[in-house]
Amino acid sequence: MTDTTSTGEAEAAEAAAPEAPAWLGAVGLSVVIPAHDDAHRIGPTLDAFRAHLDARHGSGPGDWEIVVVDDASTDATAALVEAAAADEPRIRLIRSEHHRGRGAALRAGVLASAGERVLLADAGPGTPPAELDRLEQALGEEGQGATAALGRSGNRLVRAVGIPGIPGFRADTCGFALFDGDRARAAFGASVLDGPAIDAEVLRWVRRQGWHVAEVPVRRTPDPASRPRRAPGDRRRALAELFRLNAGGLAVAAVFIALSAYVFHGLWADLDGRYLKDALQDQNQWEWFVGVATDNITHLRNPLFTTAQGMPDGVNLMANATMLGLTVPLIPVTLLFGETVTFALVLTLGMAASAWTWYWLIRRRLVQSRWAAAAGGALAAFAPPMVSHANGHPNFVVLFMLPLIIDRALRLCEGRDIVRDGVLLGLFATYQIFLGEEPLLIAALGMLVFSLAYLLVDRRRALAAARPLGLGLVIAAGVCVPLLIFPLYWQFFGPQSYHSVLHGDNAGNSPRALVEYASRSLFGDAETAGRLSLNTTEQNAFYGWPLLALGVAVCVWMWRNRVVRALAITGAVTLALSLGPWVPVPRTDVVLPGPWRLMVKLPLFESVIEGRVAMVCAPVLGVLLALALDRIVRMRTRELRTLGLLGVAAALIPVLPLPLAVRERAPVPAFITSGAWKGYVKDGEALVPVPLPDPGQADALHWQVEADFGFRLAGGYFNGPWGPDRIGIYGATPRHLSNLLRDVRYGAQPPEITPQWRERARQDLEFWKAGAVVLPFQDRGVELRDMISELLGRQPQKVEDVWVWRVGPGQV
């Protein structure tokens, strides 16, 4: 039974395959033409090619050949080609008994060709043969490593969906294309698609080999008779094949989305009632950023400034991590579903998108294995520092632009199209500015370290890349400056601007933090991680010793690879910088100077939390992991493959991310949700919650979001200036009354209320332009109510679930 079945399958395959032509020996140029029901146009095409090739390539038997592949035509196509071949032996016909598609015809023709170069052409005279001269010139100019020159065409469907591996190309099909012969046969031999999407498959395969492809504009003949007759199902088949071609990438994207949803599933389970437990006040703050951007834009106000909190001075939104690049485009989502949905969506899709672009960059530039690249992309985006920042810092999670920026910089190093790549780099960097400036600055630092490291390991190539890269950076700056001059002026010199941010003396990583596990890693210990970090959102290292050991092992194993050497230097330098200006030696009282001392006073870097520089190691380790896996899966010895995969698993399992912890969200007072506040706070006045919102407690920002920004707030949680030197601090400038209310709320005894205290309270309330003081029911509420009543000289009103003192003009 088995033998019979195998024989039958072989016979069927043989019947479906084109007839094998006789090989005529090597020739200078092969022209491959797929044909199906093209009797109305194949004759003039062959005549035109014969005349041109004889005139430009010679009339000898080894100068050229035309290979026509008849894809089971039902008209006289084959007969016409046979007649032409009888007159000209350099024309060959390959016939297929079954109609399989343009891809199968092209593959059969290319594999049967014998030319040193192979030209792919259509059966109609849409592109004159004389345009071959342009392709030959472009292919010659590309140099020794050239593979193909493509005539620019208009297949927008294929361009949009099919070949993301060749961004920027408009010559997106092989309708008129000149290939190096051996590489054409290798590329088409590796193809599997039989339909129109073979163009995308071949070009993607060529690009992944690192082979050069040139794009050439060619003339088209606007003759309706030259156009192919398309079957009704051609477009559907193209879409199906493009889906098949991209199925692997779509599967990887689905895995990333599923992993991201797993990390945030606790929040998604109840968006109205859940709050990220380890977010501190950052979720309140970022949802407020979403809401204020929506409120400003929908009311046609300046999106870079607001007085919604921090009354009366307001907030410089450009000087805060408002991520206008997402909060503004997502305004429709916010209006329809609310700020919390936008917050959760940005985190979930942003983390998955970051993993995918790292995967895309790694696979495009470094490895063949899709799943090796996927593992590297996942580590780059879901490494412990990224999961830590996912608690409330979207600007350090939504990093999908960084791989695109790196790729564009690498294109500049290649020097192909410096103007185009420089312009795009400028646009990409501009957009990243509106997503997160500090991540871009840290990434730029990592790229600078990598560039210097590569200069050490491959001086010749680095110097060769320096000129086009430098010129491209100048062009990028020329794009960025006009677009950013006003926003950056507003950020650094506008209202409520500041010069640097105080982070304290312990913002660097402890050396132990490099080898321990983060709170939300599988092997993590919250108590240990808490002692070694600023807070739960700033666990900026915590890669764990097995993962770092794997990184070292990969560097030793693949040390001959120049990229690996440069990555090793980059990782070591950035980890050292992340230790801060002073490095305590664990288990001793010794403190050593750290390399960050050289940068702590530099402009811009003085505001960076230096521990965050260790986040550069996430993509470094991701690339090293991908390179290692790509080599492991290609090992011939099964035992070595198994051992290598087990080693990788042992390093990754301890740092697998756990879902982010959530808690019940503090309820918004009914005084706010019912709209009762409208009777106490007039337009232009501020509501004064007790205690005032600040970095330690900012639930009042959520009140304001729920009230659709109907009132303004005294105090707040944002970055703003303090003192005559305009040093950046978190929150509004403290005042006597705000300090007093916070101290009593958290345990201090109320002071004796003197006339001086009453006068200070009056001045502070007037400064804030307060309309009402609102005390929700809370711990130490009695002490606070009695103290405020004594300060203001009257008792409050109980409204819904709060105590209210009206303190507008004439009330204090």
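Structure shown above.
Residues numbered from 1 in each chain as written. Predicted model: local features only at pLDDT ≥ 70, side-chain atom pairs only at ≥ 80, totals over all residues. Heavy atoms only, no water.

(A) Region of interest: the pairing of strand β16 (residues 719–722). Relative to strand β17 (residues 727–730), β16 runs antiparallel, the two sharing four bridges. The residue bridging N719 from the neighbouring strand is Y730, located in β17. Between β16 and the antiparallel strand that follows it, β17, lie four residues; G723 among them carries a positive phi value of about 80°. (Pairing = 2+ DSSP bridges. Helix = DSSP H or I, 4+ residues; strand = E, 2+ residues; numbered from the N terminus.)

(B) Structural context of the packing of helix α10 (residues 282–298) against helix α26 (residues 699–706). Packing of α10 against α26 leaves a shortest axis separation of 8 Å and a crossing angle of 30°. As judged from the angle between their axes, α10 and α26 are roughly parallel. Pair α10 / α26 crosses with left-handed handedness. Where α10 abuts α26, its residues N284, Q285, E287 and W288 lie against D699, L701, H702, Q704 and V705. Split into classes, the residues belonging to the contact of α10 with α26 amount to three nonpolar, four polar and two charged. (Axes fitted to C-alpha atoms, helices over the stretch in contact; angles between N-to-C directions. Parallel < 35°, antiparallel > 145°, perpendicular 65-115°, else oblique. Left-handed = near helix turned anticlockwise from the far one by under 90°. Contact = heavy atoms within 4.5 Å. Nonpolar A, V, L, I, M, F, W, Y, C, P; charged D, E, K, R; others polar.)

(C) A look at the pattern of salt bridges. Taken as a whole, this structure holds 33 salt bridges when the rule is applied. With a closest N to O distance of 2.7 Å, R411 and D407 form a salt bridge. With R411 and D407 both in helix α16 (residues 401–414), this residue pair falls four residues apart, about one helical turn. Accessibility classification places R411 together with D407 in one group, the buried group. When salt bridges with common partners are traced through the structure, they connect R364, R365, D407, R411 and E414 into a single cluster. (Salt bridge = Lys/Arg side-chain N within 4 Å of Asp/Glu carboxyl O. Buried < 20%, exposed > 50% of the residue type's maximum accessible area, 1.4 Å probe, protein only.)

(D) Examining the sheet that holds strand β14 (residues 686–689) more closely. Across the sheet, which stays open at both edges, the five strands sit in the order β15-β14-β18-β20-β19 with mixed pairing between neighbours. The sheet terminates laterally at β15 (712–713) and β19 (797–799), the two strands that pair on one side only.

(E) Broad picture of a nonpolar patch on the surface. Taken together, V419, V423, L427 and L483 make up a surface patch of nonpolar side chains, about 310 Å² in accessible area. Element by element, the count of residues in the nonpolar patch is highest for helix α17 (residues 418–433), at three residues. On the basis of relative accessibility, which here comes to 44%, the residue L483 falls in the partly exposed class. (Patch = residues over 30% accessible without salt bridge, like charges linked within 9 Å, V, L, I, M, F, W, Y side chains within 5 Å. Areas by Shrake-Rupley, 256 points an atom, 1.4 Å probe, with all protein chains shown as cover.)

(F) Here's a closer look at the nonpolar core. In this structure, W288, F671, I672, L687 and F711 are the most contacted members of the largest nonpolar core, which totals 144 residues. Here L687 is in contact with F671, I672, W677, V681, W703, F711, R712, L713, A714, A772 and V774, once residues within four sequence places are set aside. L46, A78, A123 and L178 belong to the second largest nonpolar core, which has 29 residues in total. (Core = buried A, V, L, I, M, F, W, Y, C linked by side-chain atoms within 4.5 Å.)

(G) Molecular detail of the environment of P693. On the secondary structure map, P693 appears in the loop between β14 and α26. In the structure, P693 is positioned 23 residues away from G716 in sequence and 4.7 Å away in space, judged by C-alpha atoms. Here P693 is in contact with A698, A700, L701, A714, G715 and G716, once residues within four sequence places are set aside.

(H) Spotlight on the packing of aromatic side chains. In this structure the tally under the stated criterion is 16 aromatic pairs. Here F305 and W490 contribute two aromatic rings whose centre-to-centre distance is 6.3 Å and whose plane-to-plane angle is 65°, an arrangement assigned as edge-to-face. With F305 in strand β9 (residues 305–306) and W490 in helix α19 (residues 459–493), this pair connects stretches of sequence that are 185 residues apart. The same class applies to F305 as to W490, namely buried. Centre to centre, the rings of W596 and F605 are 6.2 Å apart; their planes meet at 75°, and the pair counts as edge-to-face. (Phe/Tyr/Trp six-rings, centres within 6.5 Å; stacked < 30°, edge-to-face > 60°.)

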